[in-house]
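# Results of the structural survey
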Amino acid sequence: MVTAEEVRELVAAVPDPEIPVLTIGDLGVLRTVDVGDSGRVEVTITPTYTGCPAMEAIRADIETSLRRHGIDDVSVRTVLAPAWTTDWMSESGRRKLAEFGIAPPAHPARPALGPAPGPAQGPGPGRVPVPVELAVRCPRCGSFDTLVVSRWGSTACKAQYRCTACLEPFDYFRVH
Amino acid sequence: MSAVATYTLRLGDDALVAAQRLAGWISRAPELEEDLALANIALDLLGQARSLLTYAGSFDGRSEDDLAYLRDEREFCNVQFVELPNGDFGMTIARMLFFSAYQYLLYDRLSGSADPTLAAVAARAVKEVAYHRDHAVQWTLRLGDGTDESHVRMQAALEACWPYTAELFESDALTREVAAAGVGVDPGTFSPQWASFVDGILKEATLTVPVLPARVTGGRRGIHTEHMGYLLAEMQYLRRSYPEDTEW
Ligand SMILES: [Zn+2]
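Residues numbered from 1 in each chain as written. Chains lettered and ligands numbered in written order. Predicted model: local features only at pLDDT ≥ 70, side-chain atom pairs only at ≥ 80, totals over all residues. Heavy atoms only, no water.

Counting secondary structure elements, chain B contains 9 helices and 0 strands. Ordered by position in the sequence, the α and β elements of chain B form the string α-α-α-α-α-α-α-α-α. For 248 residues, the compact-globule formula gives about 18 Å, and the C-alpha radius of gyration of chain B, at 18 Å, lands near that figure. By principal-axis analysis of the C-alpha atoms, chain B measures approximately 55 × 45 × 30 Å. Counting the 248 residues in chain B, one finds 58% classified as buried. Long-range contacts, defined here as pairs at least 24 residues apart, represent 79% of the contacts in chain B between residues at least 6 apart. (Helix = DSSP H or I, 4+ residues; strand = E, 2+ residues; numbered from the N terminus. Rg over C-alpha atoms; globule rule 2.2 N^0.38 Å. Buried < 20%, exposed > 50% of the residue type's maximum accessible area, 1.4 Å probe, protein only. Contact = heavy atoms within 4.5 Å.)

The next thing to look at is the coordination of the zinc ion. Residues and elements named next belong to chain A. Taken together, Cys138 (SG), Cys141 (SG), Cys163 (SG) and Cys166 (SG) make up the full set of protein donors to the zinc ion, lying 2.3 to 2.4 Å away. Considering all 4 donor atoms around the zinc ion, angles at the metal cover 104 to 115 degrees and the coordination shape is tetrahedral. When the donors of the zinc ion are listed by position in the chain, the intervening gaps give C-x2-C-x21-C-x2-C. Taken together, the positions of Cys141 in the loop between β4 (102–103) and β5 (146–150) and Cys163 in strand β6 (residues 158–163) put the pair 22 residues apart, joining distant regions of the chain. (Donors = N, O, S within 2.8 Å, 3.2 Å for Na, K, Ca; no water. Tetrahedral: all angles 85-135°; square planar, octahedral: opposite > 155°, others 65-115°.)

Residue and element names in this part refer to chain A. The pairing of strand β1 (residues 30–35) with strand β2 (residues 41–45) spans 5 bridges and is antiparallel. Along β2, the bridge assignment pairs Asp34 with Glu42. Here β1 folds back onto β2, and the loop between the two strands holds 5 residues, one of which, Gly39, carries a positive phi near 90 degrees. (Pairing = 2+ DSSP bridges.)

A separate point is the nonpolar core. Counting 87 residues, the largest nonpolar core has Tyr7, Phe81, Phe98, Tyr107 and Trp194 of chain B as its most contacted members. In this structure Tyr107 of chain B touches Gln48, Leu52, Ala122, Ala125, Val126 and Val129 of chain B, once residues within four positions along its chain are discounted. (Core = buried A, V, L, I, M, F, W, Y, C linked by side-chain atoms within 4.5 Å.)

Before going further, it helps to examine the sheet that holds β5 of chain A. All names here are of chain A. Spatial strand order, β4-β7-β6-β5: 4 strands in an open sheet with mixed pairing. Bordering the open sheet on either side are β4 and β5, each of which pairs with just one other strand. Of the strand pairs in this sheet, β6 and strand β7 (residues 169–173) are connected by 5 bridges, and their pairing is antiparallel. Bridge assignment links Gln160 to a residue of β7, and that residue is Asp171.

Right, let's talk about the domain arrangement of chain A for a bit. Residues and elements named next belong to chain A. Assigned domains of chain A: these are domain 1 (4–78) and domain 2 (100–111 + 133–173). Between domain 1 and domain 2, the C-alpha centre-to-centre distance is 28 Å. On the side of domain 2, 7 residues touch domain 1, which itself brings 5 residues to the contact. Summed over both partners, the interface of domain 1 with domain 2 comes to about 520 Å²; 86% of that surface belongs to carbon and sulfur atoms. The tally of links from domain 1 across to domain 2 stands at 0 salt bridges. The tally of links between domain 1 and domain 2 comes to 1 residue pair in polar contact (both at pLDDT 80 or more). Grouping the amino acids of the side of domain 1 that touches domain 2 by side-chain chemistry returns 4 nonpolar, no polar and 1 charged. (Domains from an automatic or database assignment. Buried area = accessible area lost by both parts, 1.4 Å probe. Salt bridge = Lys/Arg side-chain N within 4 Å of Asp/Glu carboxyl O. Polar contact = N/O pair within 3.5 Å; in protein donor to acceptor, adjacent residues only side chain to side chain. Nonpolar A, V, L, I, M, F, W, Y, C, P; charged D, E, K, R; others polar.)

This next bit is on the interface of chain B and chain A. Many descriptions give the size of an interface as the accessible area lost when the pieces come together. Chain B puts 38 residues into the contact, and the matching count from chain A is 36 residues. Taken over both partners, the interface formed by chain B and chain A buries close to 3000 Å², and the fraction arising from carbon and sulfur atoms is 62%. When the buried area of chain B at its contact with chain A is split by residue, Arg124, Lys127 and Tyr131 of chain B rank highest and sum to 24% of it. Here chain B is connected to chain A by 2 salt bridges.

Residues and elements named next belong to chain B. Across the interface, helix α5 (residues 116–144) lies against helix α8 (residues 191–204) with an axial gap of 8 Å and an inter-helix angle of 35 degrees. As for how α5 packs across α8, the hand of that crossing is right-handed. On α8, the residues touching Arg133, Val137, Thr140 and Leu141 of α5 are Phe197, Ile201, Leu202 and Glu204. Among the residues forming the contact of α5 with α8, the class breakdown is 5 nonpolar, 1 polar and 2 charged. (Axes fitted to C-alpha atoms, helices over the stretch in contact; angles between N-to-C directions. Left-handed = near helix turned anticlockwise from the far one by under 90°.)

Attention now goes to the packing of helix α1 (residues 3–23) of chain B against helix α9 (residues 228–241) of chain B. Residues and elements named next belong to chain B. At a closest axis distance of 11 Å, the pairing of α1 and α9 adopts a crossing angle of 80 degrees. As summarised for this structure, α1 and α9 are arranged roughly perpendicular, according to the angle between their axes. Across the interface between the two elements, Leu16, Val17, Gln20 and Arg21 of α1 pack against Met228, Leu231, Glu234 and Met235 of α9. A breakdown of the residues in the contact of α1 with α9 according to their chemical character gives 5 nonpolar, 1 polar and 2 charged. (Parallel < 35°, antiparallel > 145°, perpendicular 65-115°, else oblique.)

Turning to the sheet that holds strand β3 (residues 74–78) of chain A, a few remarks are in order. All names here are of chain A. Across the sheet, which stays open at both edges, the 3 strands sit in the order β1-β2-β3 with mixed pairing between neighbours. What marks the edges here is a single partner per strand, and that holds for β1 and β3. Ignoring strand direction, the axes of neighbouring strands in this sheet form an average angle of 15 degrees. With 5 bridges connecting them, β2 and β3 associate as parallel partners. Of the residues in β3, the one forming a bridge with Val43 is Val76. Across the sheet, helix α1 (residues 4–12) touches β1 and β2, and the angle it forms with β1 is around 140 degrees. Of the strands in this sheet, β2 and β3 are in contact with helix α3 (residues 54–68), which crosses β3 at around 155 degrees.

Here you go:
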């Protein structure tokens, strides 16, 4: 019978369907792998976004990959808590993203959103939320001289940027 | 239905109908970047709706699809605010500003719910909504403090939406019951924070907070505007016409 570690290695190696240079292990969406006494495998994953359309594909890819290794009795569960943040992405994942031409998240995720703005600290000009994605590094030439083109990109988790040094556009995996 | 199930269904219907409306912009936004933005916001809202409807349905054995596609108008309990037609871009931004400011305060509080499922959905969703709100704020500032034309149209949009915002904060026996149990949030409790936030943004955008009476409400009880039937017809048509062949 396979051990949970062996199964975890197989599952972690499944590529992300939207950014195939990353594995789901790199991305940090793989939470747990359990093997029951009967050999039944239970995998839990967590979405990067509540509506992330890749979750169905990831589930199917995990089942296919395990079946190819002779493991048929598999259930894949999606859990929402604790919520995924870009901090779950591994160092090697960040490196692979940059090599692929996507700028990795530029800073740690805000721990929590904190108390909502109330009357005491109410909104004034200083409290208007402005995009905090400062100093995103161009994955091509390394310049920090970059501009937001669009706050959303080809997927919900990315924004579009342009480098003013080398003039190339690029995707940015935004902090969230 | 239990109070928690009905409460969850209300939040799920709000997100679902708002998503359906926003999706109507796809391929019609003023520029490509905005097309992507609105589509992605719609996708976030749809994701929230799926989690909430799945949970609401789990109490009586209905699926998210049953709830989204097989209920009639009077069984939907979203606020009327989210079903209003998109109007021009200013109207869509005004609605997104009001709605995301509301959802942000709601989910922020709901993430501390005694119900673990609601707490988890809210904790994930509040981060998404923060980004939506940010987006609506940037556009409100640009349009309000932009050209004469954009200012006039943004102000008109605020006034068209405003009478419907009161319903977002209505308390009733159900919201009081779930709030007392520590499971839900009574929206009336955070309406001052909402008003103060909106006020600050509109002032900075050189816009004026409308002074208009609230419209007659009833969405939570299944009473909707004349726009709701058309919205449902489009959203539900395929599933109802081909009940055997379509599963989403
Ligand atoms: Zn560059």
